[in-house]
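Each chain, written out:
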Amino acid sequence: MEFRSKAYLSLLNPFELFRSKQVLHQNPTIEAPRTEPNEIKIFVFDFSKDTFYQRELHSIPDSFGFLNSQSVSWINVDGLRKDDVNAIGTHYGIHPLIIEDILSIGQRPKMDDINDLLFCVLNMLFISKRDNTIESEQISLVLGKNFVISFQEDNTRDVFDPLREKLKANNSKLRQSSADFLFYSLIDMIVDNYFLVMEKLGERIEILEDEIIRRATTRSLAKINLMRKEMIVLKRTISPVREMVYGILKSESDLIEEKTLKYFKDVYDHINQANDMVENYRDLMMNLQDLYVSNVNLKMNEVMKVMAIVTCLLAPPTVIGGIFGMNFEIIPIAHLKAGFYLTVFVMLLIPVIMIFIFKRRGWF
Amino acid sequence: MEFRSKAYLSLLNPFELFRSKQVLHQNPTIEAPRTEPNEIKIFVFDFSKDTFYQRELHSIPDSFGFLNSQSVSWINVDGLRKDDVNAIGTHYGIHPLIIEDILSIGQRPKMDDINDLLFCVLNMLFISKRDNTIESEQISLVLGKNFVISFQEDNTRDVFDPLREKLKANNSKLRQSSADFLFYSLIDMIVDNYFLVMEKLGERIEILEDEIIRRATTRSLAKINLMRKEMIVLKRTISPVREMVYGILKSESDLIEEKTLKYFKDVYDHINQANDMVENYRDLMMNLQDLYVSNVNLKMNEVMKVMAIVTCLLAPPTVIGGIFGMNFEIIPIAHLKAGFYLTVFVMLLIPVIMIFIFKRRGWF
Amino acid sequence: MEFRSKAYLSLLNPFELFRSKQVLHQNPTIEAPRTEPNEIKIFVFDFSKDTFYQRELHSIPDSFGFLNSQSVSWINVDGLRKDDVNAIGTHYGIHPLIIEDILSIGQRPKMDDINDLLFCVLNMLFISKRDNTIESEQISLVLGKNFVISFQEDNTRDVFDPLREKLKANNSKLRQSSADFLFYSLIDMIVDNYFLVMEKLGERIEILEDEIIRRATTRSLAKINLMRKEMIVLKRTISPVREMVYGILKSESDLIEEKTLKYFKDVYDHINQANDMVENYRDLMMNLQDLYVSNVNLKMNEVMKVMAIVTCLLAPPTVIGGIFGMNFEIIPIAHLKAGFYLTVFVMLLIPVIMIFIFKRRGWF
Amino acid sequence: MEFRSKAYLSLLNPFELFRSKQVLHQNPTIEAPRTEPNEIKIFVFDFSKDTFYQRELHSIPDSFGFLNSQSVSWINVDGLRKDDVNAIGTHYGIHPLIIEDILSIGQRPKMDDINDLLFCVLNMLFISKRDNTIESEQISLVLGKNFVISFQEDNTRDVFDPLREKLKANNSKLRQSSADFLFYSLIDMIVDNYFLVMEKLGERIEILEDEIIRRATTRSLAKINLMRKEMIVLKRTISPVREMVYGILKSESDLIEEKTLKYFKDVYDHINQANDMVENYRDLMMNLQDLYVSNVNLKMNEVMKVMAIVTCLLAPPTVIGGIFGMNFEIIPIAHLKAGFYLTVFVMLLIPVIMIFIFKRRGWF
Amino acid sequence: MEFRSKAYLSLLNPFELFRSKQVLHQNPTIEAPRTEPNEIKIFVFDFSKDTFYQRELHSIPDSFGFLNSQSVSWINVDGLRKDDVNAIGTHYGIHPLIIEDILSIGQRPKMDDINDLLFCVLNMLFISKRDNTIESEQISLVLGKNFVISFQEDNTRDVFDPLREKLKANNSKLRQSSADFLFYSLIDMIVDNYFLVMEKLGERIEILEDEIIRRATTRSLAKINLMRKEMIVLKRTISPVREMVYGILKSESDLIEEKTLKYFKDVYDHINQANDMVENYRDLMMNLQDLYVSNVNLKMNEVMKVMAIVTCLLAPPTVIGGIFGMNFEIIPIAHLKAGFYLTVFVMLLIPVIMIFIFKRRGWF
């Protein structure tokens, strides 16, 4: 039991080590306390049908010139330093409540339409390369007359690289359109990324299912538990985006042109599908949980059968051995030459007959 | 245990082999990556009350002539080759977003009404002949003024053969009606096919239920798990079709005549019924899961009883054997002639009495 | 184990024999293939405040005369022979889609209001006298200006006998009213019958509960499973009738007089109550399932305790017996006269003390 | 096992005796057949701001005078004798369908507004003093211009005594107001009583929880099952009252004055809260069920551990005893003086060492 | 078993001691009977843009002067003494039904808009410092033209200290705004506090999860049960606040200015998020329950394996020992010198071989 016990712990330990660091951060309800970042990075794309210009800005006031420019500008802000975000927000006329939402992480996805600006906040999902778990990062988007401002926490990654490529191409639809199409493209990119993340998750479910059917251990149990928590994160992230996109569709904001609405309707279809898939994943995980429990029961059942069989097989020889082991003066056949062999033969014959009978009854 | 273990694996293996190939494809959330087909097949039915004409087309431009023809045309495209679908779509005025939907498989069933065209995408279901599992294939339908275009992935099968027969009959309602009735007939055929698929599934549930009541093994467990996944596929396929048909009913499109609406209402009733049935199947599968768990528990209970009985029966003879096996110099009745027989008689009598008592108590 | 195993099968067998015949028919999703009946029976009640006339018709055309009669006619058609139903339907102006619904069994309850006719289809429920299970039979009702036509599959039974009695009474409200009140009375009778069926079902649940508390066997498990399937049938039958009656209430059809609406509202209240009761029954069945599982677990627990106790009691005598059974030349007290008796006394005393301790600890 | 088995039955029996009498009556779906009462009791309170008059009436026609009286009358009818209720109903202009509802017990709570009368039917709940279970009694209330008629089944109890006290007080709001406030007060009293009943139920849940944590027996299981059935009764009784009160709020009946509506809104808030509480109770009962199952499992787990430990401890002495019990002519140390003592010492030492190791591993 | 049993109780006892005192108070459905407080404490903040004044009042009439003052007043009443609350309520024109709501604890959160006053009642949540459980306290808020009155039960704690600080700051938005912004700030503070409480709860869930994975005992079971009850409290507290805030948003009361609505919309977003989080917590607790059950099963499984292995290993030596312990006159190899050693070697060899085989089969 000792070795087993150690093996058990060694199986569990990596999981627990992993838990105490990452899962807490993933706990759907506790947000890690936000730490003020040291630096803020601002990158601007300014384009029209014919012109294209991209630059990293090095001071906040540099970002102020795009408010009334004719060309479309995408101002991407990485790092949520309070004073800087405040300065930008004030310049571009963003309502103080919205600035507060941008600065506090752990927001529920939502949209708002204040002061001729369309604001929405949602989360990007990533698959962590280190441990394959889901990670999320909040992103806020502000659509103005000729600009889109995006605020991200982390400057090392986002999901917009393919979009940046398209911006460089003169003939891309993005370059031909106004700011609302850029706004749509950013949201579309985030939503499309949900599917990639879910696909990876689906693969992990497949692998876990394999593992559970083959060998159900405490480790699989911990994995199921972890994945059910990830499902909660997934649902929390994706489900309110549906309302958000619906809100944009119904906002009747002047900022969104009639022809772009069709594209938002497309995003709406996709987010509906993503929602369905989240439900399906939850069903799959419930199946896995049931499969796990049933499998454990079945294996216990088999162990019980082995015990029952051995107990039964052991019974007759034990009794016979006990009978002829008694110290009576007169024991029948004790004096016979073949007595011993005969008895041993019977002692071994009975279990063999029992095995034969059990097999025919389908016990094995 | 060895043989058992092997038997266990041999039971499981066919399932697992089957799993790694088919189930992945069936996993409700991971779509197999679409591979560009080598060829595209176009087959046209062009008919009016009096004329009928059917032909396989060998070039894309051949399919362009039906846009403004007076007769009703059904252009069936098998194989979703990107360039060809684009060419057809552009010619018939299909919106780029719709063309994208047609080309990407794994779409959620939906309808759309853009540019005087009615578009809907849904899935046909088939029972795989090889392994009796459910397979699905996406189909897109576009209804125009005098034509219906259908896009399918796979050219080896669809559910429209009875409809093709009807088209050949001069006096069929299909021939007497305009394109919207053809559009209805295609959707109706697909929905009716859902019932056939569910019937087959119902038979498999019946068989599985029989199996579980008779003998609950890991194999049954795997089958339950597989079928619960199929239920997810079924629900994912059928449930949004309800919204889709409702959308058509409420679209107020000029393409659908008043008198055809009654028929769409009929399809709507059927899809509602299909939805109910999916719910019923899910309930049945939950019952099966519960039945399985209870059955395994009950069988374990029985094994436990056998062990308890054998343990109890074994106790008295073992103790008596131990008593008279002790090496005391003076053992009562040890010197009696009948001592041995008497003791053995008692050793065997006690279990017999116990069996008798247990039987009366209803332990057996 | 042999006898047990046989007993087990003999318990199960009657159920399984019963299953393969009846349950398939009851499977909520697979409808038995409809067989064309050999004969059709038409029975007509024609009445007004003062006149009353009832007759069995022997040819289809005989039923044609009631279309424009001033008196109210109830034409009851037993047996759904395709050609005959078609003939009647065509004569009375029933839409082809409705005729199709009448002819195909397994319809979801619904109502329709086409061509100045009010149509509804629902199911009557019966308790099978043979095996106490629920059986259902589809009935279609068509309300016209002065007539009600009812189509039933089976001519051996329906739920309308009390209504026939009332029709014969001159002063019954039925005789004083127009066709819509007859239409109401038929639906009301069907809905009232649901309660009778549910009452019988409630009694069976009571009996099953008794059985499970007393003795939980595989047979009870099979019964639970069967009843949960019956619950599915019940829900499938009753639940959509609510929508149907609501549809009639909201139809604003000229065929239903203002004063009769109050009666339909009453049916609506009843069907709501029936729906609640179905939910309650489902809850009760879930309770039973939980009760069953808990009971099986508890009994296993008790068996485990017996084993644990016997194992513990057996331990000391076995060890003592083993000790004094060893073939050492010098064994203490072996030469004493009372040695044997002393040892046996200790061997028996220890279990007695243990039993005493266990009892005080509440193990028994 | 015998004594245990008897103890088991004696634990169960009182419950079962209790079940067959009371539970059937409580079965949420089967209503006990209504028996026509022998007598009907009518008690009238007639009051205005200044006058107050209370009397038991001894004939039905005596109750007819309050139809057009200026003062407010509360006519309380105990005992639903068909002819008498019919007579009163007809006199006060109650619609036949409503009279039918009053007479048939087991009605779903609902309100109706016919012929310038406001009718509602609901259930009072009581805690049976004998066995602490929930009992319910149907009450029908009819509000007319200047009167309220209440119909109860049972004349031995109701929940209106505090209200009767208030009626006697000249300065009570009840005396100052018109009939609609009396109508409100009656409903309010019934709804407030629900909370008292639920409080008692909450205490029983607390006690049951204690019992389950301390000692989970078949008796607790039966109690859980009984309480889950009571939850169904509770939900059935309370849940539709919400709709009923909402119906009164939205009825726009002239019978209810503007200023009284505020009070009905208050009842509506209370009934909402009662609904929430029913849901909470159901959750609590699910918790209890889970707690019970988990507790039984945990205890079994402990018994298993004891068995495993005893089996392990027994193993080495048994083998050693077996070794030195073999009848070989030459057995090592068999001739030593201390051989026996040494061997016995080892036989006892090994289990002691094992216990020590097990303890350190946390097995105990 | 004795020591274990004591250990078991000692583990359980602290929980039960704790239960009977605190949990009853927390039971979501039983409200502790309200006791009339001895004293009432009134504290007033009266402020405008430029003036600020705070004072504890020592008599009720002192609080009457703020009804028509131009500056904004916040009158905080601690302790719900009936007469005093009545006096204040009557002076400020609060409707008697509302005063009743203020005085009775255990109210469901709701808002009301009567007599030009906006009333709302909800609960503050606290984490009890003593035992880390959730405690709640009801608070009633009344918004008038220039005043807000808050009624609390307990004067030792509330969640408004940060707000009091802000009030002292001349330039705070609170000081610049009218009474509706104060009203908003109070509700906002309460809602924000829900998140703090939930965060603490999240930490406890984390710890409990750790405990369950490491060692699942009856104590963990009791903790799960306790936390599931806390979830019920949480849901009961938070869920209706959503409706309440929505009611304020839709009230169109003149008391709330257009520009403050935006802030209430923000609270609405937060309470939505809180609701989501409650759902997530419930899911997490269900996961924990499943994890617990699975873990207990898995551990039992392991114990069973140990027993099965020991039983199997014990079987061959027992049989061999029995064989050579039989008292036959002629026993083979009994007279050999090495006979004993050979047999013992075989007796020990067989288990070693079995262990080796079992290890290769993955039994260990």
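About the criteria used
- Residues numbered from 1 in each chain as written.
- Chains lettered and ligands numbered in written order.
- Predicted model: local features only at pLDDT ≥ 70, side-chain atom pairs only at ≥ 80, totals over all residues.
- Heavy atoms only, no water.
- Helix = DSSP H or I, 4+ residues; strand = E, 2+ residues; numbered from the N terminus.
- Buried < 20%, exposed > 50% of the residue type's maximum accessible area, 1.4 Å probe, protein only.
- Contact = heavy atoms within 4.5 Å.
- Areas by Shrake-Rupley, 256 points an atom, 1.4 Å probe, with all protein chains shown as cover.
- Lys, Arg positive; Asp, Glu negative; His and termini not counted.
- Charge placed at Lys NZ, Arg CZ, Asp CG, Glu CD.
- Phe/Tyr/Trp six-rings, centres within 6.5 Å; stacked < 30°, edge-to-face > 60°.
- Salt bridge = Lys/Arg side-chain N within 4 Å of Asp/Glu carboxyl O.
- Least-squares fit on C-alpha atoms with pLDDT ≥ 70 in both.
- Polar contact = N/O pair within 3.5 Å; in protein donor to acceptor, adjacent residues only side chain to side chain.
- Pairing = 2+ DSSP bridges.
- Buried area = accessible area lost by both parts, 1.4 Å probe.
- Nonpolar A, V, L, I, M, F, W, Y, C, P; charged D, E, K, R; others polar.
- Patch = residues over 30% accessible without salt bridge, like charges linked within 9 Å, V, L, I, M, F, W, Y side chains within 5 Å.
- Expected span 1.5 Å × (residues − 1).
- Arc of directions from axis to C-beta.
- Axes fitted to C-alpha atoms, helices over the stretch in contact; angles between N-to-C directions.
- Parallel < 35°, antiparallel > 145°, perpendicular 65-115°, else oblique.
- Left-handed = near helix turned anticlockwise from the far one by under 90°.

*Asks:* Can you help me understand the overall build of chain A in this one?
*Replies:* If you tally the helices and strands in chain A, you get 9 helices and 7 strands. The principal-axis extent of the C-alpha atoms belonging to chain A is close to 120 × 40 × 35 Å. With 364 residues in all, chain A has 59% of them scored as buried. The long-range fraction of contacts in chain A, counting pairs at least 24 apart against all pairs at least 6 apart in sequence, stands at 68%. Put simply, chain A shows about 15400 Å² of open surface, and 55% of that area lies on carbon and sulfur atoms. Between the centroid of the 43 positive side chains of chain A and the centroid of its 48 negative side chains there is a distance of 10 Å.

*Asks:* What am I meant to see in the packing of aromatic side chains here?
*Replies:* Across all of its chains, the model carries 75 aromatic pairs over all chains by this definition. Look at Tyr 184 of chain A and Phe 264 of chain A: their rings are 5.8 Å apart centre to centre, the planes differ by 75°, and that puts the pair in the edge-to-face class. Linking Tyr 184 of chain A in helix H6 (residues 179-214) with Phe 264 of chain A in helix H8 (residues 258-324), this pair joins segments that are 80 residues apart in sequence. For Phe 264 of chain A, a relative accessible area of 0% corresponds to the buried category. With centroids separated by 5.1 Å and ring planes inclined at 50°, the aromatic side chains of Phe 181 of chain C and Tyr 184 of chain C adopt a geometry described as tilted. On the criterion of helical spacing, the pair formed by Phe 181 of chain C and Tyr 184 of chain C is a turn pair, its members being 3 residues apart in helix H6 (residues 179-214). Residue Tyr 184 of chain C is classed as buried on the basis of its relative accessible area, which comes to 7%.

*Asks:* Whenever I open this one, the pattern of salt bridges confuses me. Can you help?
*Replies:* Should the charged atoms of two oppositely charged side chains come close, the side chains can pair. Inspection of every chain in the model, using the stated rule, returns 97 salt bridges over all chains. The partner of Asp 112 of chain C in a salt bridge is Lys 265 of chain B, with the nearest N and O atoms 3.9 Å apart. Taken as a pair, Asp 112 of chain C in strand S4 (residues 110-114) and Lys 265 of chain B in helix H8 (residues 258-324) lie in two separate chains rather than in one. Asp 112 of chain C sits in the buried class, given a relative accessible area of 15%. The network of salt bridges with common partners includes Asp 101, Lys 110 and Asp 112 of chain A together with Lys 265, Asp 266 and Asp 269 of chain E.

*Asks:* Can you help me understand the relation of the copies chain B and chain A in this one?
*Replies:* Here the two chain copies are tied together by a rotation about an axis and a shift along that axis. Between the two copies, chain B and chain A, the superposition gives an RMSD of 0.1 Å; the rotation angle is 72° and the shift along the axis is 0.1 Å. Here the transformation between the copies is reduced to the relation of a five-fold axis. Relative to the rotation axis, the C-alpha of Gly 325 of chain B is the closest in chain B, positioned 4.7 Å from it. A share of only 20% of interface residues in chain B that are also interface residues in chain A marks the association as one of differing surfaces.

*Asks:* Help me understand the environment of Lys 223 of chain B, please; the structure alone is not making it clear to me.
*Replies:* Residues and elements named next belong to chain B. By the element assignment, Lys 223 lies in helix H7 (residues 218-250). Between the alpha carbons of Lys 223 and Pro 61 there is a distance of 49 Å; along the sequence they are 162 residues apart. The contact partners of Lys 223, leaving out residues within four places of it in the chain, are Leu 208 and Glu 211. Here Glu 211 takes part through its side chain, which lies 2.8 Å from a polar atom of the side chain of Lys 223.

*Asks:* Is there a simple way to explain the pairing of strand S2 (residues 52-57) of chain D in this structure?
*Replies:* Strand residues, when the strand is regular, have side chains that alternate between the two faces of the sheet. Residues and elements named next belong to chain D. Pairing analysis gives 6 bridges linking strand S1 (residues 41-47) to S2, with the strands arranged antiparallel. What sits directly across from Ile 42, in S2, is Leu 57. Adjacent in sequence and paired antiparallel, S1 and S2 are bridged by 4 residues.

*Asks:* Looking at this structure, how should I read the interface of chain B and chain A?
*Replies:* Interface size is often expressed as the accessible area that is lost when the parts come together. Across the boundary between the two partners, chain B contributes 66 residues, which contact 56 residues of chain A. Of the roughly 5600 Å² buried between chain B and chain A on both sides combined, carbon and sulfur atoms contribute 62%. Linking chain B with chain A are 7 salt bridges. Where chain B meets chain A, there are 14 residue pairs in polar contact (both at pLDDT 80 or more). Of all the secondary-structure elements, those providing two or more residues to the side of chain B that touches chain A are helix H1 (2-26), helix H3 (96-103), strand S4 (110-114), H7, H8 and helix H9 (339-360) of chain B. Across the side of chain B that touches chain A, the residue classes tally to 35 nonpolar, 18 polar and 13 charged.

*Asks:* Honestly, a nonpolar patch on the surface in this entry has me stumped. Any pointers?
*Replies:* Together, Leu 342, Phe 345, Val 346, Leu 349, Val 352, Ile 353, Phe 356 and Ile 357 of chain E give the surface a local cluster of nonpolar side chains, amounting to about 710 Å² of exposed area. Ile 353 of chain E gets classed as partly exposed once you look at its relative accessible area, which sits at 41%.

*Asks:* Help me understand the side chain of Asp 266 of chain D, please; the structure alone is not making it clear to me.
*Replies:* Looking at where Asp 266 of chain D falls in the secondary structure, it is placed in helix H8 (residues 258-324). A relative accessible area of 4% means that Asp 266 of chain D is categorised as buried. Excluding anything up to four places from it in sequence, Asp 266 of chain D contacts Leu 97, Asp 101 and Lys 110 of chain E.

*Asks:* Please clarify how H9 of chain B should be interpreted in this entry.
*Replies:* An α-helix turns once per 3.6 residues; consequently, residues spaced three or four apart project the same way. Its 22 residues place the ends of H9 of chain B 31 Å apart at the C-alpha level, agreeing with the 32 Å of an ideal helix rising 1.5 Å per residue. Those residues of H9 of chain B that sit buried are Gly 339, Phe 340, Thr 343, Val 344, Met 347, Pro 351, Met 354 and Phe 358 of chain B. One side of H9 of chain B carries all its buried residues, which in axial view fall inside an arc of 155°. Looking at H9 of chain B, the residues exposed on the side facing more than 90 degrees away from the buried face are Phe 345, Val 352, Phe 356, Lys 359 and Arg 360 of chain B. Where H9 of chain B is buried, its residues meet H8 of chain A together with H8 of chain B.

*Asks:* What am I meant to see in the packing of helix H8 (residues 258-325) of chain C against helix H9 (residues 339-361) of chain C here?
*Replies:* Axes are the key here: two packed helices are described by the angle between their axes and the distance separating the axes. Residue and element names in this part refer to chain C. It is at 10 Å that the axes of H8 and H9 come closest, and there the two elements cross at 160°. As the angle between them shows, H8 and H9 are arranged roughly antiparallel. Helix-helix and strand crossings are classified by hand; for H8 and H9 the assignment is right-handed. Of the residues in H9, those in contact with Ile 309, Cys 312, Leu 313, Pro 316, Pro 317, Ile 320, Gly 321 and Phe 324 of H8 are Thr 343, Val 346, Met 347, Ile 350, Pro 351, Met 354, Ile 355 and Phe 358. Residue composition of the contact of H8 with H9, grouped by class: 14 nonpolar, 2 polar and no charged.

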